[in-house]
Amino acid sequence: MAITNIPDEDHVLRLVSWQRVRKDEDDNVTGILGEAFRRKPDEDALSVNWQERVTGALIDQLRAAARLIRDTQESKKIGAKSRLARLQVKATKEIAKKRGAKIRIVHEPVDGNEPHAAIRQLPDDDLELLEMIASEVVVDHHQCGPLLQP
Amino acid sequence: MTTNALLRPTTKTPKFDWGGSSDLAISYGASAETRQLINQVNAVESSRSTADAATPTAVLPGSTKKSTEEMLFDSLVEAKVYTSLVAMRMDKEWRKKLYRQLDSLLDIDEWDGEDEPLHKESFATFLKSMFLIMPKRRPGLGLSHGGNLIGMWTEPDSLLTMEFLAGDLVRLVLSRNQNGIRERAALDTEVVRLLDVLKPYSPETWFNNGDNKHS
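Note that the structure is a prediction, hence the values are computed from the model and not measured.

Considering the overall build of chain A
Scanning chain A for helices and strands turns up 4 helices and 9 strands. The C-alpha atoms of chain A give 14 Å as radius of gyration, which agrees with the globular expectation for 150 residues (15 Å, within 12%). Principal axes of the C-alpha set define a box for chain A whose edges measure 45 × 45 × 30 Å. Sequence separation of 24 or more characterises 70% of the internal contacts of chain A that already satisfy a separation of 6 or more. Accessible surface computed for chain A: about 6800 Å², of which carbon and sulfur atoms make up 48%. In chain A, which carries 24 positive and 26 negative side-chain charges, the distance between the mean positions of the two groups comes to 2 Å.

Here's the deal with the overall build of chain B
A count of helices and strands for chain B gives 7 helices and 5 strands. In chain B, the order of α-helices and β-strands from amino to carboxyl end is α-α-α-α-α-β-β-β-β-β-α-α. Once local pairs closer than 6 in sequence are excluded, the contacts in chain B between residues at least 24 apart make up 59%. For chain B, the accessible area works out to roughly 10300 Å², and carbon and sulfur atoms hold 53% of it.

Things to note about the pairing of strand β4 (residues 169-178) of chain B
Residue and element names in this part refer to chain B. With respect to burial, β4 is a largely interior element, 9 of its 10 residues being buried. Of the pairings in the sheet, the one linking strand β3 (residues 158-165) to β4 comprises 8 bridges and is antiparallel in character. Note that in β4 the partner of E163 across the bridge is R171. Connecting β3 to the antiparallel partner β4 that follows it, the hairpin turn spans 3 residues, and G167 within it adopts a positive phi of roughly 75 degrees. Examined bridge by bridge, β4 and strand β5 (residues 181-190) share 10 bridges and lie antiparallel to one another. Each bridged residue has a counterpart across the sheet, and for L174 the counterpart in β5 is A185. Between the antiparallel neighbours β4 and β5 lie 2 residues, among them N179 with a positive phi of about 50 degrees.

Overview of the pattern of salt bridges
For the coordinates displayed, the defined rule picks out 26 salt bridges over all chains. With a closest N to O distance of 2.8 Å, D115 of chain B and R20 of chain A form a salt bridge. In this pair, D115 of chain B is assigned in the loop between α4 (92-105) and α5 (120-133) and R20 of chain A in the loop between β2 (11-16) and β3 (21-23), connecting two distinct chains. Taking the relative accessible area as the measure of exposure, D115 of chain B reaches 5% and is therefore buried. On the basis of relative accessibility, which here comes to 2%, the residue R20 of chain A falls in the buried class. When the shortest N-O distance is used, the salt bridge between E35 of chain A and R38 of chain A registers 3.4 Å. By the burial criterion, E35 of chain A is buried, and R38 of chain A matches it.

Focus: the interface of chain B and chain A
At the interface, 39 residues of chain B touch 32 residues of chain A. Between chain B and chain A, a total of about 2900 Å² is buried, with carbon and sulfur atoms accounting for 45% of that surface. Where chain B touches chain A, the interface holds 7 salt bridges. Between R184 of chain B and E136 of chain A there is a salt bridge, with the nearest N and O atoms lying 2.4 Å from each other. At the junction of chain B and chain A, the tally comes to 24 residue pairs in polar contact (both at pLDDT 80 or more). When residues of the side of chain B that touches chain A are traced back to their parent elements, those giving at least two are α4, β1 (140-143), β2 (149-155), β3, β4 and β5 of chain B. Per-element accounting of the side of chain B that touches chain A gives the leading share, 5 residues, to α4 of chain B. For the side of chain B that touches chain A, the residue count by class is 16 nonpolar, 10 polar and 13 charged.

Remarks on the pairing of strand β7 (residues 104-107) of chain A
Residues and elements named next belong to chain A. As defined by bridge partners, strand β1 (residues 4-5) adjoins β7 across 2 bridges and the pair is classed as antiparallel. Within β7, the position partnered with N5 by the bridge is V106. Summarising the sheet, β7 and strand β8 (residues 116-120) pair through 4 bridges and their orientation is antiparallel. Counterpart to I105 in the pairing with β8 is I119.

Conventions used here
- Residues numbered from 1 in each chain as written.
- Chains lettered and ligands numbered in written order.
- Predicted model: local features only at pLDDT ≥ 70, side-chain atom pairs only at ≥ 80, totals over all residues.
- Heavy atoms only, no water.
- Helix = DSSP H or I, 4+ residues; strand = E, 2+ residues; numbered from the N terminus.
- Rg over C-alpha atoms; globule rule 2.2 N^0.38 Å.
- Contact = heavy atoms within 4.5 Å.
- Areas by Shrake-Rupley, 256 points an atom, 1.4 Å probe, with all protein chains shown as cover.
- Lys, Arg positive; Asp, Glu negative; His and termini not counted.
- Charge placed at Lys NZ, Arg CZ, Asp CG, Glu CD.
- Buried < 20%, exposed > 50% of the residue type's maximum accessible area, 1.4 Å probe, protein only.
- Pairing = 2+ DSSP bridges.
- Salt bridge = Lys/Arg side-chain N within 4 Å of Asp/Glu carboxyl O.
- Buried area = accessible area lost by both parts, 1.4 Å probe.
- Polar contact = N/O pair within 3.5 Å; in protein donor to acceptor, adjacent residues only side chain to side chain.
- Nonpolar A, V, L, I, M, F, W, Y, C, P; charged D, E, K, R; others polar.

The following block contains the structure:
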């Protein structure tokens, strides 16, 4: 299958577990940690979902992404306090470019999750870049619990 | 400072000695009480390692690997035992809050099965860092994929993130607006150097919620 670049004006959604949510000492959420954009040791690309691949209002796109991601997890669950962080493709590429990284954001469907996408060539060791993505590129973030309610 | 200067530890750094009237300890401005607290954590760390080494680890025939739930429970208990052994020196409210934060962080319902549970060596580095900084405003807590505790402070225009590594190492990432100029830094340092490294960035903004205890 041909690799499709996701249009610059579109967005991708990254599942951020509760451990990578930025919070204060009372667990009030204040943002997303840069660590949320670091690949796991066995990942060759950062796993995300293409928001606009699903038609409808933002809330419908978020609900769809939360369900698709949950259903393709080995455990078939995602934490109620985890969040979906929304990033614009263009802004993500531009901030990476400023740091000398040429990343690609591509549509990579997987079984059970057609809108699945990947951020490729994002350097894991540039902690400043990961923090910049978390604090400057993330447009907003949404708690998964309410999105998964029937 | 940039990530070019970020050095990943390749060997375990020896624990620093805070004892007696060492010039090193004095040069970093640590009080006798702080030195005592940090030495206490070192002693706990050392005794826990000895206890681990003495525990038979042979896997009996038919036994299986620990479940995620068991691993999380064990790591939570380990962290709380560590804390309890130095608890007499901690503010009661802080201790209660820390337990609550750990419960929340290691909650099985929020757990990503591919993560490693909290490493006790990371937790020891965290405690030593907190005893050194003694922040009036304590950090929010997170966890890296690899099981290192992450401490974070957030202000409207500035962020400080510390990843606590084994061997008294701390990985810092910070950004702040200094007189209209956005400054960022990422580097690895040791617990003893934390306050000196942070000094140019007015850490009181994060640690004291505006007052100038550490300035």
